[in-house]
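For reference, the chains in residue letters:
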Amino acid sequence: MTSFHLPHYRHDITGLRAIAALAILIFHIDPRFSGGFIGVDIFFVISGYLITRNIWPALANKNFEFSSFYAKRFRRLFPAYASVLACSFIAIVFFGLNTEITHFGVSAISSLFYISNIYFYSVSDYFAPQMQLNPLLHTWSLSVEEQFYLVFPAFLLVCSKLKNKGVHLFLAVAAVSFLLSQLLLEHFPSASFYMSPSRFWQFMAGGILAIVHFKISSAIGAAIIAFSSYLILFLCFVFFTEQTVFPGFYALFPTIATMGLLLSGNTQNSLTWLLSNPLCRFFGNISYSLYLVHWPIIVFYKLLISPTLTASDKIILFGASVCLGYLNWLLVEQKCLKISLENRNKQTAWVAGCSMTVLSFPLILAAYTTFFHSKSQTNMDSWLNYDMQARAGQCFITSASLRKEEQFNETLCAPEEQDTSPKILLMGDSHSAQYYSALKKLLPSHDVHQYTATGCRPVYDIDNEEYCYQIMAKAYSRLQSDKQYDAVIIAGRWWDVDVPKIDRSLHAIKPYAANLFLIGPVPEYKQALPKLLSRFGEKSKTIDKVSKLSERRKIEDKLASLAKKHNVNYVSVIDAMCSNDQCIKTLGANEPIQFDYGHLTHNGAMYVLQKTLFAQQNQQKIKLQ
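The structure presented is a predicted model; accordingly, all values stated were derived computationally and were not measured.

**Structural notes on the overall build of the chain**
Link 1 in the chain: Across its full length, the chain holds 26 helices and 8 strands.
Link 2 in the chain: Relative to the globule expectation of 25 Å for 625 residues, the C-alpha radius of gyration of the chain, 28 Å, shows essentially globular dimensions.
Link 3 in the chain: Seen along its three principal axes, the alpha-carbon backbone of the chain occupies a region of about 85 × 50 × 40 Å.
Link 4 in the chain: Residues classed as buried in the chain amount to 57% of the 625 residues present.
Link 5 in the chain: Within the structure as shown, the chain displays about 28100 Å² of accessible surface, and the carbon and sulfur contribution to it stands at 61%.
Link 6 in the chain: Side-chain charges in the chain split into 53 positive and 42 negative, and the spacing between the mean points of these groups amounts to 9 Å.

This is the structure we're talking about:
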């Protein structure tokens, strides 16, 4: 191993930034490019490499200044972000619903202080549908990067003082970060994705290249490494999906591939031009601004113009993102970098404090007051904060209650009382829990025993997440030991992968259930129904265009066949709510039947049950009298 020195500027790194930015942009415009999200990982490795390359020699020469480093980071990153934040804020105030303004305010404050990764981890999963319309979701990676910048210079200082042992410490910390990423995937996958400690190893993977390396002496060797790296990235782009367990082990592939391109690019070879051509350099130069602007543009386009994207929409979004990204780079990024200050570090600190304070004030008003709310909006907006009345945190384990089996209160949810009251067992995920309050209303003399948890289909499956397995095991054990239920109701947000599991589960349940009801899927939408109703109106064809009805019907057909095979009662929610391709959307004036993408309100569940389970022909099956 030998130390090495790089030219001040490398066009191939600029081109590598272009690959990262374009991969993310295309992925967000068209999710069929399923592995494009690894563009963020490419950025992480590049950032680690460049920052280490700048800091490590300065530490060796004893001329590194922390204040100068942080001032440069602020001038490089903050102005372009502040301009996008300000424009997004204006757009959400003028065109957003009240709840969208509130949510934007909270996420904007967290991103302004570079903790949005923590905020988004606390509220949901990156790929969750409700997160896909937050204009600032993409800032999570900027927060991870800034958190890295905050601690990394001091860490490098320690490593530099330890000389050779410092490299060993560097590698040890990187290994611990990688192991943490892998371990978190097993119990807290969102934490592994969002939290900076489980991502630092990717920055450090780039950083180690700036400290030591094996010199590639031949152009042929460099070309082979470059070609292999391109191939790995291509395979990741094509085969990685939102179901890929990530980051952890699978993040090694884009990380190593990026390291390979950084390493091979230091030696002129036959593939260097792929990253150094003018087109790649253009996109690489504007990559930061392109990343900043693209996601708000996509979100506002979906919210205000077309919730579902056609081919022409995707072309428009690509062009708009590139144009506005270029303008932000030219008019903000470049202009701010060229501003001359007499005492740069001191004045930059003063500007940083003032600008963040000024920006914080309207964002706090948006997040925690109704100052920017419109009084003319219909009450559809209020349904977005609807409480499902499902005994959340006790009998319905949610993400807010940390999805721990220990949170489940079996004494409350399924009391062992020796009375003669008819009993019903309700099992499943949130799409089962949504029926609890309606069942209690329609059957006041019945005991409804509830075993429900977010994401837990009512199948006895050893491959389930641990908390799902434990809760469903309790339900199955209770069913088999008590044999006291007059009816068993299972419901869930069913997917194709669930079909064989349901087949086995129906076979297991039927001997212990006198009356077994399998409730089918509900109609779903790509956005929350109250938002669609508020923006487009109930009679708008736009709402039907973003319906997932055809997808849900395919699952419905498979479930109905299973119910017939096992001779159990099948409850078709789609038949109750829909006629042909048109589904009921409201119950009276300004009352949606669903409060988000698909969950039923209390009255929505009442409507469905009265048209199905409690129809005249089914009343005797569940002993209404």
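Having put the structure on the table, let's press on.
**Quick word on unusual backbone geometry**
Link 1 in the chain: A cis amide bond links phenylalanine 246 with the next residue in sequence, proline 247, at an omega value of 10 degrees.
Link 2 in the chain: Of note, proline 247 is situated in the loop between helix H10 (219-239) and helix H11 (252-264).
Link 3 in the chain: The phi torsion at lysine 163 lies on the positive side, around 55 degrees, for a residue other than glycine.
Link 4 in the chain: Lysine 163 sits in the exposed class, given a relative accessible area of 64%.

**A word on the side chain of lysine 531**
Link 1 in the chain: In this structure, lysine 531 sits in helix H22 (residues 529-536).
Link 2 in the chain: Owing to a relative accessible area of 14%, lysine 531 belongs among the buried residues under this scheme.
Link 3 in the chain: Not counting residues within four places of it along the chain, the set of residues in contact with lysine 531 comprises Leu97, Glu100 and Leu384.

**Brief notes about the pattern of salt bridges**
Link 1 in the chain: Summed over the entire model, instances satisfying the criterion amount to 16 salt bridges.
Link 2 in the chain: With a closest N to O distance of 2.6 Å, arginine 535 and glutamate 100 form a salt bridge. Of this pair, arginine 535 sits in helix H22 while glutamate 100 sits in helix H4 (residues 98-112); the two residues are 435 residues apart in sequence, bridging distant segments of the chain.
Link 3 in the chain: Residue glutamate 100 is classed as buried on the basis of its relative accessible area of 8%.
Link 4 in the chain: The network of salt bridges with shared partners includes Arg493, Glu524, Glu551 and Arg552.

**What about the state of the cysteines?**
Link 1 in the chain: A complete count under the given rule lists 3 disulfides for this structure.
Link 2 in the chain: A disulfide bridge connects cysteine 578 with cysteine 583, and the sulfur atoms are separated by 2.0 Å. In this structure the cystine formed by cysteine 578 and cysteine 583 twists about its S-S bond by roughly 95 degrees; its chirality is therefore right-handed.
Link 3 in the chain: With a relative accessible area of 11%, cysteine 578 lands in the buried category.
Link 4 in the chain: Judged by relative accessible area, cysteine 583 falls into the buried class, the value being 8%.
Link 5 in the chain: When the bonded cysteines of the chain are counted from the start of the sequence, the pairing works out to 1-2, 3-4, 5-6.
Link 6 in the chain: Counting only cysteine sulfurs, cysteine 280 is the nearest neighbor of cysteine 236, a cysteine outside any disulfide, at a range of 18 Å.

**Details of the sheet that holds strand S4 (residues 487-491)**
Link 1 in the chain: Spatially, S1-S3-S2-S4-S5-S6 is the arrangement adopted by the 6 strands of the open sheet, whose pairing is parallel. Single-partner strands in this sheet number two, and they are strand S1 (396-397) and strand S6 (569-571).
Link 2 in the chain: One ladder, built from 3 bridges, connects strand S5 (residues 516-519) with S6; its direction is parallel. When the bridges of S6 are listed, leucine 518 appears paired with tyrosine 570.
Link 3 in the chain: Relative to the sheet, helix H20 (residues 466-482) contacts S1, strand S2 (423-428), strand S3 (447-453) and S4, its axis offset from that of S3 by approximately 155 degrees.
Link 4 in the chain: Relative to the sheet, helix H24 (residues 549-566) contacts S5 and S6, its axis offset from that of S6 by approximately 160 degrees.

**Re the packing of helix H14 (residues 287-304) against helix H15 (residues 311-337)**
Link 1 in the chain: Between H14 and H15, whose axes approach to 8 Å, the crossing angle comes to 135 degrees. Classified by the angle between their axes, H14 and H15 sit oblique to one another. Crossing angle aside, the handedness with which H14 passes H15 is right-handed. Judged by residue contacts, Tyr288, Ser289, Leu290, Leu292, Val293, His294, Ile297, Ile298 and Tyr301 of H14 engage Asp313, Ile316, Leu317, Ala320, Ser321, Val322, Leu324, Gly325, Asn328, Trp329 and Glu333 from H15.
Link 2 in the chain: Here the residues of the contact of H14 with H15 are counted per class, giving 13 nonpolar, 5 polar and 2 charged.

**Some thoughts on the packing of aromatic side chains**
What describes a pair of aromatic rings is the distance from one ring centre to the other and the angle between the planes of the rings.
Link 1 in the chain: Tallied over the entire structure, the rule returns 38 aromatic pairs.
Link 2 in the chain: Here the aromatic rings of phenylalanine 178 and tryptophan 201 are separated by 5.0 Å at their centres, their planes lie at 80 degrees, and the arrangement is edge-to-face. In this pair, phenylalanine 178 sits in helix H7 (residues 164-187) while tryptophan 201 sits in helix H9 (residues 200-211), placing the two residues 23 residues apart along the sequence. Accessibility assignment for this pair places phenylalanine 178 and tryptophan 201 in one class, buried.
Link 3 in the chain: Positioned over the ring face of tyrosine 149 is arginine 73, at 5.2 Å from the centre of the ring.

**Overview of the layout of surface pockets**
Think of a ball as big as a water molecule: rolled over the atoms, this probe shows where empty space is left.
Link 1 in the chain: Space inside the second largest pocket adds up to approximately 1200 Å³.
Link 2 in the chain: Together, 41 residues line the second largest pocket, and Arg17, Leu50, Asn54, Arg73 and Arg76 are the ones closest to its centre.
Link 3 in the chain: Elements that contribute at least two residues to the lining of the second largest pocket include exactly helix H1 (11-29), helix H2 (39-60), helix H3 (66-95), helix H6 (139-161), helix H13 (278-285), H14 and H15.
Link 4 in the chain: Top element by residues in the lining of the second largest pocket is H2. It accounts for 11 residues.

**Looking at a nonpolar patch on the surface**
Link 1 in the chain: Taken together, the side chains of Leu279, Phe282, Leu324, Tyr326, Leu327, Leu330 and Leu331 make up a nonpolar region of the molecular surface, amounting to roughly 600 Å² of accessible area.
Link 2 in the chain: Every element with two or more residues in the nonpolar patch is listed here: H13 and H15.
Link 3 in the chain: It is H15 that contributes the most residues to the nonpolar patch, 5 residues altogether.
Link 4 in the chain: Looking at the element boundaries, leucine 327 is found in helix H15.

**What about the pairing of S3?**
Link 1 in the chain: Among the 7 residues in S3, 7 count as buried, and that is most of the element.
Link 2 in the chain: The alternating pattern of S3 places Asp447, His449, Tyr451 and Ala453 on one face and Val448, Gln450 and Thr452 on the opposite face, and all of these are buried.
Link 3 in the chain: Strand direction decides the pairing type here: S1 and S3, joined by 2 bridges, are parallel. Residue isoleucine 397 lies in a different strand from S3, and its bridge partner there is alanine 453.
Link 4 in the chain: Summarising the sheet, S2 and S3 pair through 6 bridges and their orientation is parallel. Following the sheet pairing, leucine 425 is matched in S3 by histidine 449.

Conventions we followed
- Residues numbered from 1 in each chain as written.
- Predicted model: local features only at pLDDT ≥ 70, side-chain atom pairs only at ≥ 80, totals over all residues.
- Heavy atoms only, no water.
- Helix = DSSP H or I, 4+ residues; strand = E, 2+ residues; numbered from the N terminus.
- Rg over C-alpha atoms; globule rule 2.2 N^0.38 Å.
- Buried < 20%, exposed > 50% of the residue type's maximum accessible area, 1.4 Å probe, protein only.
- Areas by Shrake-Rupley, 256 points an atom, 1.4 Å probe, with all protein chains shown as cover.
- Lys, Arg positive; Asp, Glu negative; His and termini not counted.
- Charge placed at Lys NZ, Arg CZ, Asp CG, Glu CD.
- Contact = heavy atoms within 4.5 Å.
- Salt bridge = Lys/Arg side-chain N within 4 Å of Asp/Glu carboxyl O.
- Disulfide = S-S within 2.5 Å.
- Pairing = 2+ DSSP bridges.
- Axes fitted to C-alpha atoms, helices over the stretch in contact; angles between N-to-C directions.
- Parallel < 35°, antiparallel > 145°, perpendicular 65-115°, else oblique.
- Left-handed = near helix turned anticlockwise from the far one by under 90°.
- Nonpolar A, V, L, I, M, F, W, Y, C, P; charged D, E, K, R; others polar.
- Phe/Tyr/Trp six-rings, centres within 6.5 Å; stacked < 30°, edge-to-face > 60°.
- Lys NZ or Arg CZ within 6 Å of the ring centre and 35° of its normal.
- 1 Å grid on protein atoms, 1.4 Å probe; cavity = no way out; pocket = protein on both sides within 12 Å on 5 of 7 lines; lining within 4 Å.
- Points joined across faces, edges and corners; volume = space filled by probe spheres on them.
- Patch = residues over 30% accessible without salt bridge, like charges linked within 9 Å, V, L, I, M, F, W, Y side chains within 5 Å.

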